Amino acid sequence: MNYPNQKRVETFSIEINGRSCRAISGETVVDVARREGIEIPTLCHDTRLEPAGACRVCLVEVEGQRRLQPGCAWKVYPDMKVTTESGRIEKHRTILYSMYMADHQLDESGLPVETGNGNQLRELCKTIDPLPLEPVNAPRAGRPDDVNPYIEFNPDLCILCARCTRYCDEVEAVNAITLSNRGGETTIATAGNRGLLDTTCELCGGCIATCPTGALIEKKAPENLVTLQTEVTRSTCNFCGVGCQLDLHTHNDRVVKITSPEPGETVNDGNLCVKGRFAYDFIHHEDRITTPLVRGTDGELHPASWEQALTAVANGLKSVKDKYGADSLGFISSSRCTGEENYLMQKLSRAVFGTNNVHQCAAT
Amino acid sequence: MTNSIDEIRDSELMFVIGSNTTEAHPIIAMEMKRARQRGAKLIVADPRKIWLAEMADLHLQLKPGTDVWLLSAMAHVIISEGLHDRDFIEANTEGFDAMAEKVAEYTPEKAEEITGVPAGDIRIAARLYATTKHAGIYYTLGITEHTHGTDNVYCLANLVLMTGHLGVRSAGMNPLRGQNNVQGANDAGATPIFYPGYQPVTDSKVREKFENAWGVGLSPDNGLNLNVMMKEMAAGKLKAVYVMGEDIVISEPNVTKVEVGLNQCEFVVCQEIFHNETTRFADVILPGACFAEKDGVFTNSDRRVQRVRKSVNPPGEAREDWKILCDVARSAGYPMPDYENAGEVFSEYASLTPKIAGISHQRLEENVSGLQWPCPDESHPGTPTLHVDGPMIGRAPFQVVDYRPSAELPDNEYPLVLSTGRTLYHYNSATQTRRDAGPVAKQRSNFIEMHRSDARKLDLKHGESVRVLSRRGEVEAEVWVSPRMRPGCIWMPMHFAESRANLLTNDAGDQVTGTGEYKVCAVRVEKLSNR
Amino acid sequence: MQKPNANREKIIELLEHAGGVTEESVREVHQQTGIAEADIWGTGLFYTLLREPGKRIRLCDGLTCQMFGADSLANELTDAGKMVERVSCLGQCDLAPASLDENMELVTYAKHQTAISPPNEFAMNLAGEVDLTYSALAKVRAMDPEDVISALESSGLQGRGGAGFPAHFKWTSVRQQAATERYVICNADEAEPGTFKDRELMLRQTHKMLEGLAIAAYVIEAKEIYIYIRGEYTNEYRAIERALEESKDALKEYEFTIVKGHGAYICGEETALLESLEGKRGMPRLKPPYPTESGFRGKPSLIHNVETIACVPSIIHRGGDWFRALGKTEAGSKLYCISGHVVAPGVYELPLGVSLDELVEAAGGYVGNPIAFSPGGASSGFLPITERNLPLDYKHLADAGSMLGSAGVVVINDTVDMAKAAAWQLEFFERESCGQCAPCRIGTQYIRRQVDQFVQLGDPASLELTGDVGWEMEEGSICGLGMVAAKPLESARKHFPDAFKTRD
C-alpha cells in the first residue's frame, strides 16, 4: 500500500564477513545481520529500545575502526565492511563471558543458573571455554522486602544491561525503576528502595519480559518452573479492546504463566499490561461455577445435570414466548465472549426464538 | 478504528478525546507514548487531568458533556481560517455548506463560556489538527456515553472529513473499543438491527439469505437495544432474559431499575463463569468457560480478527459457551448443525458475512498477527487502513449538529457532576481482577476522585469515607483528593460490586445507540460521619 | 516519561541544595521539576557527594596521599571520634595527605613545602600578573573566525585534558554543523590522581580561562558557556565567580553558567560530563556521534579542558608560531604537576617535552632513592626511574606504553611497595567506574581483588588471569576509563617484576 509522505529510505550494500548484504539507511549492523541470518550475540538489545551498547557482547570489527564497535548501535553506511567472527572477537567473547560469569550466580555445572524465564547469558557461556575467574562478589543490593505480588528482582542474576529500566522509561514510560549507585555497586533500584507498590510502577511486568537473564521473574509462577514441562498456547487477551496476543504456559491443565510473543510479531509488540500478564488467577479460582444450577420450588439454586438445566432453559423461554410473544424475550450477548458465541447467540435469538431483541454490553 | 494500532507510533499529532488511554487501553497508550517520544504532538481533551494529559502539549480540560461545543468550535476555527481541505471535501463528501453554516455559530469565545476551555487553546488545537498531515483522532466512551454521544461522534467525523485526515497512515478516526470483543460482537450480529456484518434485519433480501441459511422464517422488525430492553423489563414488558457473560446489575446505568426489572421477569437465564450480582436473579445458571478454556476469535479495536485458543479445560462440568448455546437451541427443538469445533461455527458465520468472507480459522493459523476486515475473499490480505481509496460507500456526509445539554445537570440539591469509568487495575465488574493480588493491592475498594476545593467545602480529607447520592441511588466510597479533577466534578470507577457506581448513573440513553449517560449525572457527596 | 515542561538539568543542583539524596529530598525535587522520583534517586546516588548526606571529613586516598600516610591519618581521625569518608583523589597531591572538612573546605596535613613556577614568559605564567583587559577577545572580534582557527592550527595546541587531540579540529567541526544552537563547555572536572594544574590555573589566572572561552564562543557562534567544575574545588569555584564579576562588562555578550560536579571522576570524560550537565547519571555516551556534532542538549558543543582553553588568549596575542616554539619536543609550554617524593611538589610550567629529571630539578630535587614515576595520572600507569630522561610529551610517552595524560607526575621512591601502589590506583578506578559496561565494571573489581589477594597472600597465582581481563577491559570498554584501568597493574608488573614474585 502506498501512503503519501512516507519517509524516503535509501538502500545500499554493505559487507558482513565478506558477504554482500542489502542495508537500509538508519539500520544498525545487528539489524542487517539478523535479517541476513548472521548471528551476532546480544544481551542488552531490545528492538523497542534505543540501543545502549552497554553489554559489549555484540562487538564486531568495522573496517577503518581501531576499536571493536557495538553492532547493536553502529549505524550502517554504504560499502562498510564488518567482521563478526575472528580470533580477536573470539578472544573478546571468551574473556567477556568469563567476566560475566565471575559476576553471576552459577549452578553446579559452573554455568549461569537457568531460570524459569531462561537465561541468555547461560546460552552464550555454553559457546566458550571459560577462564576460571574468581567471583567478584559485587555489592549489588536487591529489594528483599518488596511485597508487591508479581515482580521479583534477584541482583545476583543481574548483568546491569538496563533493559528493564530503559523499558520502564522508554516504553511503559512510568519511570518506576532506575539504575542506582555506581561501579560494582550499581543496581536496579526504586526511589527510596521502596516496594514497587509504593512507586509509579503499574505492574505491567515488561521489565520481566525484557530481562535477558531471569534476574527479574514472576513471583506468582511456580518456583520449579525451570524443570516443569509446560505447554504454550497462543491466544488473545480477554480484557480490553487492544487485542494483545498472549502465550499461555500451562502445566497439568493449569495456566502457570502468561507471556507476550516476541516484539515485532503481534499487535502488542511484546508488551502487556498488568491485567493481561498477571490477572489470570480467576481461571482456576475456587469460586468458579462448576455445575449447572436450577432454582427449585424452595426459591434456592440447586445443582442440576446439564440435561435438566438445558430443558429448564428451553421450557422457560418457550413458555414466556408462548404467553407473551417472541418480542417479550431479550437476549443479552457478551462482548467478552468470542465471535462465534456472539454469532450463535444472535442465531439463538433470531432463528430459534424469533426475536431481534439481541444486544450486548457494547457501550460499557 | 480506521487505522491500525501500529500506525500510531508514526503519528505527527494525536488528538485524544474522551479516552483515558493509559488506563483503559494501556498497550495502545504505549504506542502513543512511543509516538510522543519520537516527537509527535499530543492534544488531550478530557475533563480530568489524566496521565496522558500530563505529557500533552495541550490539555483541553472541558466540562463534562460539552464536547459538541468544543469540537464545533474547532470546526469553526478550521473553516473560518480556511484550513479545511477543499479538494478532499469536493471529491469525497457531501453537505459541507450546511455544516459550515451551523458551526459558524460556534465561536471559540462562546465555546469558552460553555466548555471552560480557553478560546486560544481551542484555536491552537484546531490549527494544529488541521495543518498536520498524519493527525489521528482517538476516542472512547468519553465521547459515546452521553445522551448526545452520536452527536459527539458526528462532530469528530466532521473534523476528519473537513481536513481530509482519512485514508492516510497514522491519521483517521479511531474509536478504541472498550472490551476484548466489542468489535467482534457487533460484527457477529449481536445487535438488534443488524445480522452479522451490519446487514440490516429490515432488508428483505438480507433476511431471505439468512432464512435460507438457517431454515426458518425471521422477524422483519428491528429489535430492542440493551438500554431499551432494560426499560421495557422494568416496565414489565420484557418477560424473560438470557444473559451471557455480562453483569447487567453492575454495568447498566441506573441499576436499581434493572433490579426491579429482573425481579419482575418470569424467567432469567445466566450463562457465567462466576456468581455475580446478576446471577442472584437467575432461574437457571449455566456454567460457561473463560477465554483460556475455549476456541474462537476476538476482534480488536483495529478490526483485527485473532484466535482464542483453548489451553486448559473448563472446571468441573463447565462447558465452552458456544457448545452451551448449541445445546440450548437443540433443547428448544431447533436443528443446530453438529459443529465439530468453533472453526466450523466461524465458517458458517463468514459464509453469510461478506466483510469477513475471506477469514477462516485455517487462515488465522497462518497469519500470526491476525487478519483485519474488510477481507472479502481468501486471497485478500486484510485491510490495515480504511478508506485509502476514498469512503467505502459513495460520499461521506457532513452532519449538522445542534448542542444539547446532558440529560441531568447539577443543581442545588445535587451540585456535583459525576463521571464514571475504568481504572488500569480492574476490569468492568471485576469478577476477574478482584481475584488477583496485584489489582487488589493497588485498588482494594471503591473511591471517588475530587478536586481539593470541593473537598474543602465539604470538609473532607483524602481517604475519608463518604456517601455519594443521586436521584437514583447512593453508594459509599473513599474520597481521593486529586489534582486531576475539575472543580465541581467527581469521578468514580465502575468496578466495585459492593459500591456500584451504576446505582447513581442516569439511564437516559443516546437517541441512536441507546448508550446510557455514564459520563454525566448530578450527585451530592456527604461526609459519612455527618449523616 | 518526561513531561513537556520537566526540568531535568536542575535536579542535581536541587539535590545538593536539599542536602543530598534522601527520600524526602527526592520527593521535593520531584515536585519542583516534574522528573520521576526514581530518576532523581538513581541520578543522585551516582554522585558520591550526594550520597549518605550528613557531615563528615572526606579524606583523600589518591596515590600520593596514600604514600604520605593517608591510612594512618584516617585511623587517627576516626579514633578522635571524627566521621571519616575515604574519597578518590581531591586534586591536592602537592599537599598530601589532604582532606576536606565538614564544610567542604580544604584541610591539609602536609609536612613539606610546595611551590609553583616563578613568573615567566610562558603561556600560562601562573605567578605572573593578571590581565583584565580582555584585549585578546577584543582583537578576535575584529578577526575573521577562520583566521582564529588558523592561528590555533599553527600553534600546534593539543588538548591538555589528556587526549592530546589537536584543538583546532574541534573548532572547525563545530563551525561546520548545520545547527545554530551551539555551546562552549569548559571541562574543569580535574580529578585524575596526581593532577592539580587546573586548580592553580583557576585560582591564579582565571581570566585567561574565561577569555579563552569567550573567544571560542565568538568563533563557533555560541551564546552560552558552561563551566563544569568538580564539586570538591570550593575555592576554585569562588575564584571563577569572582572573576566573572570582575569581567562582567567584557563578557556581557555571553551567558556563563558554572555547574558543580558532585564526586564522579568519570564526568571528566566529555560525554559523561554532558550527561551530567543534562541532569543524568554520568555514564559516557557511545561515540559517534561526537560532541562537536551532538553534544549538550543534542547540539554541537565545543568542549575543552581548562588549560587548553586558557592557552588561547596568549596564542591570539603572540601568534601560533610563538606558542609552538615554547615547546621542546612538541608545541607549547605545559603545566606539569609534580608530587610524591620530591622536595617541592607543585605546578611547574615548562616547555612541553622536558624530562623527569628536568622537572624534578625545578621542584627542588628527589627525596630518597626514586625507583618509579607515574607520568600522567593513574591512567598512565608506572614507568621505571630508568626512563628519567624520556621527554614528557604525548608521543614519547605513548611510544613507551604510557601517556602524558594530564601531566600529573608522581615520583615514587624505594619506600613504596609497587604492588601496593598498583593496588591503590586500581582501587581508584574500581570506585570511579560508572558501572555501565561489563568489561570495566567487572574488570576493575576483579583486578583490584586479585592484587589485594596477592599483597595479602603473596601468591602470584592470584594474578594469573589479570592480563586477560586487562586485555578485555582495553578492547571492550565503552570509554577511556575502562580502557586504561588495568594499566597500573600491567605496567607495574612489566617494569617491576620483582614486586610480584612469591612473597613469604
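In this text the structure is predicted, and so the values were computed from the model without any measurement.

**Things to note about the domain arrangement of chain C**
Residue and element names in this part refer to chain C.
Right, so step 1: Taken domain by domain, chain C consists of domain 1 (8-45), domain 2 (57-108), domain 3 (135-324), domain 4 (335-408) and domain 5 (418-500).
Right, so step 2: The straight-line distance from the C-alpha centre of domain 4 to that of domain 5 is 22 Å.
Right, so step 3: Taken together, the 11 residues of domain 4 in the interface contact 13 residues of domain 5.
Right, so step 4: Summing both sides of the interface, domain 4 and domain 5 together bury roughly 980 Å²; the carbon and sulfur share of this comes to 71%.
Right, so step 5: Looking only at domain 4, the three residues that lose the most surface to domain 5 are A378, S379 and F382, adding up to 58% of its buried area.
Right, so step 6: Linking domain 4 with domain 5 are 0 salt bridges.
Right, so step 7: At the junction of domain 4 and domain 5, the tally comes to 2 residue pairs in polar contact (both at pLDDT 80 or more).
Right, so step 8: Broken down by element, the residue count for the side of domain 4 that touches domain 5 peaks at 3 residues, all from strand β12 (residues 370-374).
Right, so step 9: A breakdown of the residues in the side of domain 4 that touches domain 5 according to their chemical character gives 6 nonpolar, 5 polar and no charged.

**Digging into the interface of chain A and chain C**
Right, so step 1: Each side of the interface is counted separately: chain A has 53 residues, and chain C has 51 residues.
Right, so step 2: When the two sides are added together, the surface that chain A and chain C hide from each other amounts to roughly 4,000 Å², 54% of it contributed by carbon and sulfur.
Right, so step 3: The tally of links from chain A across to chain C stands at 6 salt bridges.
Right, so step 4: The residue C:E475 makes a salt bridge to A:R88 at a minimum N-O spacing of 3.0 Å.
Right, so step 5: If you list the elements that add at least two residues to the side of chain A that touches chain C, you get β4 (69-70), α2 (87-102), β7 (177-180) and β8 (187-190) of chain A.
Right, so step 6: Classifying every residue of the side of chain A that touches chain C gives 28 nonpolar, 14 polar and 11 charged.

**Concerning the sheet that holds strand β16 (residues 416-421) of chain B**
Residue and element names in this part refer to chain B.
Right, so step 1: In spatial order, the strands read β16-β20-β17-β19-β18-β23; together these 6 strands close into a barrel with mixed pairing. Averaged over all neighbouring strand pairs, the angle between strand axes comes to 45°, with direction disregarded.
Right, so step 2: Here strand β17 (residues 447-450) runs beside strand β20 (residues 489-493); their pairing, made up of 2 bridges, is antiparallel. Each residue of the ladder has a partner; that of E449, found in β20, is W491.

**Considering the packing of helix α7 (residues 145-155) of chain C against helix α13 (residues 306-318) of chain C**
All names here are of chain C.
Right, so step 1: In the contact formed by α7 and α13, the axes pass within 10 Å of each other and the chain directions differ by 100°. It follows from the interaxial angle that α7 and α13 lie roughly perpendicular. For the pair α7 and α13, contact is made by V148, A151, L152 and S155 and by V312, I315 and I316, respectively.
Right, so step 2: Of the residues belonging to the contact of α7 with α13, the class tally is 6 nonpolar, 1 polar and no charged.

**Points about the interface of chain B and chain A**
Right, so step 1: Listed per partner, the contact involves 152 residues of chain B and 117 residues of chain A.
Right, so step 2: Taking both partners together, chain B and chain A bury about 11,200 Å²; carbon and sulfur atoms supply 62% of that area.
Right, so step 3: Sorting the residues of chain B by area buried against chain A places B:I27, B:M30 and B:F291 first, and these three jointly supply 6% of that buried surface.
Right, so step 4: Where chain B meets chain A, there are 8 salt bridges.
Right, so step 5: Of the charged contacts, one joins B:K294 and A:E341 as a salt bridge, the two residues approaching to 3.1 Å between their closest N and O atoms.

How each quantity is defined
Residues numbered from 1 in each chain as written. Chains lettered and ligands numbered in written order. Predicted model: local features only at pLDDT ≥ 70, side-chain atom pairs only at ≥ 80, totals over all residues. Heavy atoms only, no water. Domains from an automatic or database assignment. Contact = heavy atoms within 4.5 Å. Buried area = accessible area lost by both parts, 1.4 Å probe. Salt bridge = Lys/Arg side-chain N within 4 Å of Asp/Glu carboxyl O. Polar contact = N/O pair within 3.5 Å; in protein donor to acceptor, adjacent residues only side chain to side chain. Helix = DSSP H or I, 4+ residues; strand = E, 2+ residues; numbered from the N terminus. Nonpolar A, V, L, I, M, F, W, Y, C, P; charged D, E, K, R; others polar. Pairing = 2+ DSSP bridges. Axes fitted to C-alpha atoms, helices over the stretch in contact; angles between N-to-C directions. Parallel < 35°, antiparallel > 145°, perpendicular 65-115°, else oblique.

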